[in-house]
Amino acid sequence: MILKNQILKKWAKRLAYSFLILAILLLGFYASIYFGLWGEIPSSKKLANLKQSQATQVLDSNNDLIGKFYIYDRQSITYTDFPQHLIDALVATEDTRFYEHNGIDNTSLLRVFFKTILLSDASSGGGSTITLQLAKNLYGRADYGFLSVVVNKIRESIVARRIENIYSKKEILTLYLNTVPFPDNTYGVESASRKFFNTKTRFLNLSQTATLVGSLKANTSYNPRLYPERSQQRRDLIINLMKNQGAVSLQEAENAIKQNIELDYQYYAPNQGLAPYFRAQIKKQLDSILQQKKYKNPNGESYNIHQDGLKIYTTLDNTIQRYAEEAMQEHMVKLQEHYEKAYGQNAPWLKSKPAFIAAKKRLWKYRELKKQGLTDQAIEDSLSKTQETKLFSWNEPTVEQISTLDSLEYYSKFLNAGFLALDPSNGAIKAYVGGIDYRFFQYDHVSQSKRQVGSTFKPIVYTAALENGIEPCSYFSIKEVTYTDVNNWTPKNSSEVENEELNYSLEYALSRSVNTITVKVLQETGVNKVIDQAKAMGIKSHIEKVPSIALGTSNLSLIELASAYTSYVNESISSKPIFITRIEDKNGNIIASYEDLNPINPKKEKAFSDDTRQIMLEFLKETVNNGTASRLRSTYNLNNDIAGKTGTTQDNKDGWFVGITPKLVTVTWVGNDNQQIGFSNTSIGQGANSALPLFARFLQKLNEDSAYKNITQASFEKPSDQVLKAIDCEQTKKDGFFKQLFGKDKTEKKFKNKEKKKKGVFSWLKKNKDSV
């Protein structure tokens, strides 16, 4: 018996020592984590000053969200922005004892520890509190081998306890809901609400709330975009949990469960969603603006647009932008089909054609291989290797096994487009479409691209002519002339002339876009005077001093052409295009005001007189009513006050249209990015067919929206009596009897690039040799 007692005491002592050693080891293990041997643990001071990366928001003129710049798609909001059913759903699902504990569920923590250490059970997780999850969301988890779960859980428990000591329960819920990851790389409930349901958190209904909370269990498995049925089942489970805990009534639960999940998914990534080309331009401007010393943060450092949660207020109107993008897609789908059909088997983008061969040699990869000394065949073999590639399509993007050469041939066939709508009174950009799809075509055809502008330059020639003394009712012969001092250049008209004996007035010649007369008007005015006029109207690109500029051979950007045209409806002053109106930090403090970003130039002079403006507007109205843009009336049945100008470049490479309404100036362009490839014929490629319909469809959509009556029902200014009298003349007339009898039009002459002096009050007594 004594021996038995001694043995029991011996084993009891051993067991006690074992427990003591184990306790010391556990305490030491805990202490090693607490004091940072497994990595630094944030102090209470650091936790009290949490700084979370927040997405910068780009907002339209109505303060609606256009898109974001971010590393983590997160937008922070306050506790008062959370609907009560969101809090109830979260607590019911993730932590029913949230209001009772101090951040740690000790039973759950011990279970994880012993199962992992003693039973090597890797699936022992679960039971985390909201505060523990917040700690994980804030600082992530590291890899500690087989001890990872235990070490991370203890680290999180230490952080959680400190968080509970610093923050109230409401503050903890606010931090959690602003940082928790949702599906599709989205962080925080506000970003998730906007992305999945296109609404603010405060406006979420019960079904939407339960859907988002349900996705927290597994972001991919319960992603409502990818797996709607599975997500709906999870949503219903959340709602039933809320019902069982008394957070919602039986009737509320049943009504919510009856609803199907209806997403209004929004793409805010830089290359997706609304106005991606506009947002790219905003980013370029911000990169420059925020480097300036006066716009640094209080610490003297530059703001980080991907992390600092700035708010960028812009001039864009989301609805107008959406109409522009829809109009572009509707038109370009049909135009692309006609474009390819017109070429048939003789398309210039095919591999055997000169345009393709030239484009191949411009490829970066081709040039690199050439530098390495590879033979042409070796280069061809390298470029012919196939790989899985995602391809643009007007239906849905496809994935195919193709080579670099296949890809070049495929993309070379696509027409691209540019669209810009400005408020002429202040230059505010209302719609901006830089191309057909930013995911595949990131070259911006509004701001980056410079193309020949064709006949859209002609109004500038006529404006200069009026400013330099040519009378509105001057007449010019339509006959062709060969200019012997310009390489025997003979400008020709794009369509046949019914009667070459007729002389056209300025209005008739411009509205019918007559090339031969525009060159004569340029000659009469002087090349330098026309270039000066273009500069006065805001054109900044270089314009060569050659006669062909009359027909739009200068390469200009779409945005500067739009700026020039605003002068016709803005008191003869061109408006500088404006993107950004204000920049604020995440707390609403102004970093840069409208005046900072868009200083007014009080010395800016009118580009031309009021009389010239009114005369030119009448000319451009005639273009729409009876000239080259008349299909706006006949085909599209648009009754708005509209002026405009079509444009087509040589060999039908570019189609242009400028649409002017009293409160909106819109410029559209269509063409191929490879300037060796144009339209197969003028009937398809002319601006009236390729670019004008984009404007027409856009204006139709705007007309249908009563919210924009102030734009669509606006009226042009009435011309003065003096102007009406000055343009009151026949559009065409024949030569007089003596001119027909004795006169003889020259078919050859020198261009004589002479400067024309402005005429005085007795100019009507003088006659010009080239006008009648």
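Treat the numbers as computed from the prediction; the structure is a model and nothing was measured.

### What about the overall build of the chain?
Summing up its helical and strand segments, the chain has 31 helices and 22 strands in all. Across the 772 residues in the chain, those meeting the buried criterion constitute 52%. When contacts within the chain are restricted to residue pairs at least 6 apart in sequence, those whose partners lie at least 24 apart make up 71%.

### Some points on unusual backbone geometry
Phi is positive for aspartate 184, close to 60 degrees, though the residue is something other than glycine. Along the chain, aspartate 184 falls in the loop between β4 (181–182) and β5 (186–187). In this structure aspartate 184 comes out as partly exposed when scored by relative accessible area, which is 21%. Of note in this structure, asparagine 652 is not a glycine but carries a positive phi near 55 degrees. Within the fold, asparagine 652 resides in the loop between β18 (643–648) and β19 (654–661).

### Here we look at the confidence of the model for the chain
Here the chain shows a mean pLDDT of 88. Residues at 70 or above account for 89%. Note on residues 760–772: pLDDT is under 50 here. Beyond four places in sequence and across chains, it has 17 contacts.

### Side note on the state of the cysteines
Going through the model one piece at a time under the given rule, you end up with one disulfide. The side chain of cysteine 473 participates in a disulfide bridge whose partner is cysteine 729; the two sulfur atoms lie 2.0 Å from each other. An S-S torsion of about -90 degrees defines the bridge between cysteine 473 and cysteine 729 as left-handed. Separated by 256 residues along the polypeptide, cysteine 473 in the loop between α18 (458–467) and β12 (475–477) and cysteine 729 in the loop between α30 (721–726) and β21 (732–734) bring together distant segments of the chain. A relative accessible area of 28% places cysteine 729 in the partly exposed class.

### Remarks on the packing of aromatic side chains
Counted by the stated rule, this structure contains 28 aromatic pairs. For the ring pair tyrosine 265 and tyrosine 267, a centre distance of 5.0 Å and an interplane angle of 70 degrees mean the geometry is edge-to-face. Residue tyrosine 267 is classed as partly exposed on the basis of its relative accessible area of 37%. Centre to centre, the rings of tyrosine 339 and tyrosine 343 are 5.7 Å apart; their planes meet at 85 degrees, and the pair counts as edge-to-face. Here tyrosine 339 pairs with tyrosine 343, and both are found in helix α13 (residues 318–343), just four residues apart, close to one helical turn. Each member of the pair, tyrosine 339 as well as tyrosine 343, is classed as buried. Each residue in the set Phe392, Trp394, Tyr410, Tyr411, Phe414, Phe440 and Phe441 is aromatic and connected to the rest through ring pairs, giving one cluster. Directly above the aromatic system of tyrosine 227 lies the positively charged group of arginine 230, at a separation of 4.3 Å from the ring centroid. A cation over an aromatic ring shows up here: arginine 582 above the ring of tyrosine 313, its NZ or CZ 3.8 Å from the ring centre.

What counts and what doesn't
Residues numbered from 1 in each chain as written. Predicted model: local features only at pLDDT ≥ 70, side-chain atom pairs only at ≥ 80, totals over all residues. Heavy atoms only, no water. Helix = DSSP H or I, 4+ residues; strand = E, 2+ residues; numbered from the N terminus. Buried < 20%, exposed > 50% of the residue type's maximum accessible area, 1.4 Å probe, protein only. Contact = heavy atoms within 4.5 Å. pLDDT = per-residue confidence, 0-100. Disulfide = S-S within 2.5 Å. Phe/Tyr/Trp six-rings, centres within 6.5 Å; stacked < 30°, edge-to-face > 60°. Lys NZ or Arg CZ within 6 Å of the ring centre and 35° of its normal.

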